[in-house]
Amino acid sequence: MKIKSTIALFTVILGLSSCNFLDQVSPNDISTSDAIKTAADAEAALLGVYNTLQQGAYYGGQFPLMGEGLSDNATTGGYSYLSLDQIGNKQVTPANALVQDLYISMYRTIVNCNHLLQALPEVTGLEDQRRQEIDAQTRAIRAMAHFDILRYFGEHWDTGSAYGMPVIAEVQGISDITVRATVGERYTYIVDALETE
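Bear in mind that the values here come from a model prediction, so they are computed numbers and not experimental data.

Description of the overall build of the protein
Then comes step 1: Helix and strand counts for the protein come out as eight helices and zero strands.
Then comes step 2: Secondary structure elements of the protein occur, N-terminal to C-terminal, as α-α-α-α-α-α-α-α.
Then comes step 3: Taking the contacts inside the protein whose residues are at least 6 apart along the sequence as the reference set, 58% of them involve residues at least 24 apart.
Then comes step 4: Summed over its atoms, the accessible surface of the protein is roughly 12600 Å², and 58% of this surface lies on carbon and sulfur atoms.

This is how it looks when you write it as structure tokens:
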């Protein structure tokens with residue numbers, strides 16, 4: 001009986017103390033609307049955009065590796081790594097982890113660009129010349145990521161094809177649905193983004 005009451009008391013104390021633990025707010029948790037407000041925030045966000053390019057699944061490794069492995073320039077595989085072996089054998093399935101990681105990394109780069117471009121007009125303490133430079137670099141990176149996605153996942157060789165990829169040109173909410181753009185629409189978006197003054 002004494003053990004049961006001790007366990008019950010311990011459970012109640014643990015339950016009460018854990019509620020306080022679960023209600024903690026991380027000092028690193030900020031809303032996206034408050035993330036980019038000052039010139040220093042904008043510079044850090046630009047570095048973050050560049051950082052997404054060096055992810056292991058994007059220009060940090062898999063993107064160039066997969067392109068060469070699918071061409072006649074190089075071969076991959078032989079490491080008992082199914083996803084890499086599929087690329088080397090040119091028998092890639094929809095469940096390939098490398099392809100999934102690449103797709104996510106490319107769109108993550110676009111999302112980061114969109115957040116910076118949305119916040120940039122309201123950033124305080126940023127000289128106009130530097131604001132234009134950050135805007136131009138971010139637009140160029142976003143256009144490049146859209147082009148990379150089209151080259152890997154769309155019928156990039158046929159501008160009349162309906163099999164382009166979705167164009168994500170602004171910050172989206174969780175319930176937003178973007179339709180697939182045609183290849184021609186995607187190319188038009190990329191060129192327009194690069195020619196924006």
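Focus on the packing of helix H4 (residues 62–70) against helix H6 (residues 97–119)
Then comes step 1: The geometry of H4 relative to H6 is characterised by a closest axis approach of 10 Å and an angle of 130° between their N-to-C directions. Taken together, the axes of H4 and H6 lie oblique to each other. The two elements H4 and H6 cross, and the hand of that crossing is left-handed. Judged by residue contacts, Gln 62, Phe 63 and Met 66 of H4 engage Leu 98, Val 99, Asp 101, Leu 102 and Met 106 from H6.
Then comes step 2: Among the residues forming the contact of H4 with H6, the class breakdown is six nonpolar, one polar and one charged.

Quick look at unusual backbone geometry
Then comes step 1: For Lys 90, which is not a glycine, the phi torsion comes out positive at approximately 55°.
Then comes step 2: Locating Lys 90 in the fold gives a position in the loop between helix H5 (82–88) and H6.

Some points on the pattern of salt bridges
Then comes step 1: Overall, the coordinates contain four salt bridges when judged by the stated rule.
Then comes step 2: Of the charged contacts in the structure, one is a salt bridge between Arg 139 and Asp 135, with a shortest N-O distance of 2.9 Å. Of this pair, Arg 139 and Asp 135 are both found in helix H7 (residues 128–153), four residues apart, which corresponds to roughly one turn of the helix.
Then comes step 3: Ionic pairing is found between Asp 148 and Arg 151, a salt bridge with its closest N-O pair at 2.6 Å. Linking Asp 148 with Arg 151, this pair stays in helix H7, spanning three residues, or about one helical turn.
Then comes step 4: In this structure Asp 148 comes out as buried when scored by relative accessible area, which is 1%.
Then comes step 5: By relative accessible area, which is 35% here, Arg 151 ends up partly exposed.
Then comes step 6: Among the ionic contacts, a cluster of salt bridges with common partners joins Glu 43, Arg 130 and Glu 133.

Focus on the packing of aromatic side chains
Then comes step 1: Scanning the model with the defined rule gives eight aromatic pairs in all.
Then comes step 2: Ring geometry for Tyr 59 against Phe 63: centres 4.7 Å apart, planes inclined by 65°, an arrangement best described as edge-to-face.
Then comes step 3: Overall, the relative accessible area of 6% leaves Phe 63 in the buried class.
Then comes step 4: When the centroid spacing of 5.1 Å and the interplanar angle of 90° are considered together, the rings of Tyr 103 and Phe 153 count as edge-to-face. One end of the pair, Tyr 103, is in helix H6; the other, Phe 153, is in helix H7, and 50 residues separate them in sequence.

Considering H6
Along an α-helix, residues three or four apart share an orientation, since each turn contains 3.6 residues.
Then comes step 1: In this model H6 runs 33 Å from its N-terminal to its C-terminal C-alpha over 23 residues, within 8% of the 33 Å that 1.5 Å per residue would give.
Then comes step 2: Structurally, the start of H6 carries an N-cap: the backbone nitrogen of Leu 98 is 2.9 Å from a side-chain oxygen of Asn 96.

Considering the nonpolar core
Then comes step 1: One finds Ile 36, Ala 42, Tyr 58, Leu 116, Leu 120, Leu 126 and Ile 134 to be the most contacted residues of the largest nonpolar core, which totals 30 residues.
Then comes step 2: For this core, the secondary-structure elements that each account for two or more residues are helix H3 (39–53), H4, H5, H6 and H7.
Then comes step 3: In terms of residues, this core owes the most to one element, H6, which gives nine residues.
Then comes step 4: Residues in contact with Ala 42, not counting those within four places in the same chain, are Ile 36, Leu 116, Leu 120, Val 123, Leu 126 and Ile 134.

Concerning the side chain of Gln 86
Then comes step 1: Note that Gln 86 resides in helix H5.
Then comes step 2: Beyond its immediate stretch of four places on either side in the chain, Gln 86 contacts Gln 91, Val 92, Thr 93 and Asn 96.

Rules and cut-offs
- Residues numbered from 1 in each chain as written.
- Predicted model: local features only at pLDDT ≥ 70, side-chain atom pairs only at ≥ 80, totals over all residues.
- Heavy atoms only, no water.
- Helix = DSSP H or I, 4+ residues; strand = E, 2+ residues; numbered from the N terminus.
- Contact = heavy atoms within 4.5 Å.
- Areas by Shrake-Rupley, 256 points an atom, 1.4 Å probe, with all protein chains shown as cover.
- Axes fitted to C-alpha atoms, helices over the stretch in contact; angles between N-to-C directions.
- Parallel < 35°, antiparallel > 145°, perpendicular 65-115°, else oblique.
- Left-handed = near helix turned anticlockwise from the far one by under 90°.
- Nonpolar A, V, L, I, M, F, W, Y, C, P; charged D, E, K, R; others polar.
- Salt bridge = Lys/Arg side-chain N within 4 Å of Asp/Glu carboxyl O.
- Buried < 20%, exposed > 50% of the residue type's maximum accessible area, 1.4 Å probe, protein only.
- Phe/Tyr/Trp six-rings, centres within 6.5 Å; stacked < 30°, edge-to-face > 60°.
- Expected span 1.5 Å × (residues − 1).
- Polar contact = N/O pair within 3.5 Å; in protein donor to acceptor, adjacent residues only side chain to side chain.
- Core = buried A, V, L, I, M, F, W, Y, C linked by side-chain atoms within 4.5 Å.

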